Amino acid sequence: MKHFLKLLDVTTEEIYELLDLAAVMKQYVKEGKEHHFLKGKTLGMIFEKSSTRTRISFETGMFQLGGHALFISAKDSQIGRGEPTQDTARVMSRMLDGIMIRTFDQAEVEMLAECGSIPVINGLTDFCHPCQVMADLLTIREHKGTLEGLTMCYIGDGNNMANSLIVGGLKVGMKVQIACPDGYHPDPMVMEFAAQFPDQFTLTDKPMEAAKDADVVITDCWTSMGQEEEKKAREAAFAGYQVNKELMGVAKADAMVLHCLPAYREQEITNEVFEEHADEIFDEAENRLHAQKAVLVKLLG
């Protein structure tokens, strides 16, 4: 594995290897053990989309691993003035040990990897969010003891989270049940991948159907960054797609709830359900740090 661009590129074995390594990273932190596996290494972090968890987790992760993270804002760099991605990639490859980018277009991430000579990590694009889903899988495995054979339900927009959850869930042997309204389905490339798993994958426009007997219920905000002009239309489209007490009533009695955050309570999830499952949700947020450290060690170590 040279880069971490999308879960479609990653094998089942590599996913489990990263999860096992993430568990080790987490244990080092719990025990207060120094683990400077990336001493002297520098990660360039390009942010064309702003962030809370992505920046904190990568910056802290590099510090804990003995390396250094360099924050690069698009508005304060030549990237924001239109420097070609291929030129940026070649310059950064001569000065850095790795690049993390959080941006809009998946093609930009792919081009960075193609034109540069150092590992590239996708911190989020409009197509996928592989780092978040690695944290989600880590959290589910911690709480449930396994992944294979569990039923994952996702309610909401067929966005980058849905795309990565479908691919990641199916690759580790989970049954994946997705509920999205018409016009908001997952990416066709992801649907083509999911078609290989007819016994494991379901797409419906009925949230209660998707949540039936689920071991874990996952949702995301209805309006993502860059979609603000669609807010009213999206609120209308997703009106019946809330994770609430009624929906949780058809999931398994011990079902988990996850949310990648930020959460807009009383929209995609009720405050009641959020607070009942807050420990799981904030374990998930913390696990961004440990899962991403595993990716960093694997690629840069």
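Here, every reference points to the structure presented above.
First things first, this report covers the structure right here in the doc. On a predicted model such as this, the values are computed, not experimentally measured, just so you know.

Thresholds applied
Residues numbered from 1 in each chain as written. Predicted model: local features only at pLDDT ≥ 70, side-chain atom pairs only at ≥ 80, totals over all residues. Heavy atoms only, no water. Phe/Tyr/Trp six-rings, centres within 6.5 Å; stacked < 30°, edge-to-face > 60°. Lys NZ or Arg CZ within 6 Å of the ring centre and 35° of its normal. Pairing = 2+ DSSP bridges. Helix = DSSP H or I, 4+ residues; strand = E, 2+ residues; numbered from the N terminus. Axes fitted to C-alpha atoms, helices over the stretch in contact; angles between N-to-C directions. Contact = heavy atoms within 4.5 Å. Right-handed = clockwise from strand over helix to strand, strands pointing away. Left-handed = near helix turned anticlockwise from the far one by under 90°. Nonpolar A, V, L, I, M, F, W, Y, C, P; charged D, E, K, R; others polar. Buried < 20%, exposed > 50% of the residue type's maximum accessible area, 1.4 Å probe, protein only. Polar contact = N/O pair within 3.5 Å; in protein donor to acceptor, adjacent residues only side chain to side chain.

**Some words on the packing of aromatic side chains**
In this description, a pair of aromatic rings is defined by centroid distance and the angle of the planes. For the coordinates displayed, the defined rule picks out seven aromatic pairs. Between Phe 238 and Tyr 241, the ring centres sit 6.1 Å apart and the planes meet at 85°, which makes this aromatic pair edge-to-face. These aromatic residues form a ring-pair network of at least three members: Tyr 184, Trp 222, Phe 238 and Tyr 241. The lysine or arginine in question, Arg 55, covers the ring of Phe 71, its NZ or CZ lying 3.8 Å from the ring centre. The residue whose ring lies beneath Arg 265 is Phe 274, and the NZ or CZ to ring-centre distance is 3.9 Å.

**Re the sheet that holds strand S4 (residues 120-124)**
Strand order in the open sheet formed by four strands is S2-S1-S3-S4, and the pairing between neighbours is parallel. Each of the sheet's edge strands pairs with one partner strand only, and the pair in question is strand S2 (68-73) and S4. Taken over all neighbouring pairs, the strand axes of this sheet differ in orientation by 20° on average, direction set aside. Helix-sheet contacts for helix H2 (residues 53-64) involve strand S1 (42-47), S2, strand S3 (98-102) and S4, and the interaxial angle to S1 is about 175°.

**Some details on the pairing of S2**
The two faces of the sheet receive side chains in turn, since in a regular strand these alternate between them. By the bridge criterion, six bridges tie S1 to S2 in an arrangement that is parallel. Within S2, the position partnered with Gly 44 by the bridge is Leu 70. Regarding topology, H2 serves as the crossover connection from S1 to the parallel S2, and that connection is right-handed.

**A few points about the packing of helix H1 (residues 12-31) against helix H12 (residues 278-300)**
Running from N to C, H1 and H12 point in directions that differ by 115°, and their axes come no closer than 8 Å. Every pair of crossing elements has a handedness; the one defined by H1 and H12 is right-handed. Contacts from Glu 17, Leu 18, Leu 21, Ala 22, Met 25, Lys 26 and Val 29 in H1 reach Glu 286, Asn 287, His 290, Ala 291, Lys 293, Ala 294, Val 295, Val 297 and Lys 298 in H12. Within the contact of H1 with H12, the residues separate by chemical class into nine nonpolar, two polar and five charged.

**Structural notes on the sheet that holds strand S9 (residues 256-259)**
Taken together, the five strands give an open sheet; going across it, the order is S7-S6-S5-S8-S9, and neighbouring strands pair in parallel fashion. Looking at which strands have only one partner, the edges of the open sheet turn out to be strand S7 (201-204) and S9. Adjacent strand axes in the sheet meet at a mean angle of 15°, parallel and antiparallel pairs treated alike. Across five bridges, strand S5 (residues 151-155) lies against strand S6 (residues 175-179) in parallel orientation. Residue pairing across strands places Met 152 opposite Val 176, the latter belonging to S6. Strands S5, strand S8 (216-219) and S9 of the sheet are contacted by helix H5 (residues 130-144), whose axis makes an angle of about 160° with S9.

**Notes on the pairing of S4**
With five of five residues buried, S4 is to be regarded as a mostly interior element. As paired elements, S3 and S4 share four bridges and run parallel to each other. In the sheet register, Ile 99 faces S4, and the bridge partner there is Val 120.

**Regarding unusual backbone geometry**
A cis amide bond, omega 0°, links Leu 261 with the succeeding residue Pro 262. Secondary-structure assignment places Pro 262 in the loop between S9 and helix H11 (271-276). The phi dihedral of Leu 261 falls on the positive side, at around 70°, and the residue is not glycine.

**Some details on the side chain of Ser 57**
Looking at the element boundaries, Ser 57 is found in helix H2. For Ser 57, the side chain forms a polar contact with the main-chain oxygen of Arg 53, separated by 2.5 Å.

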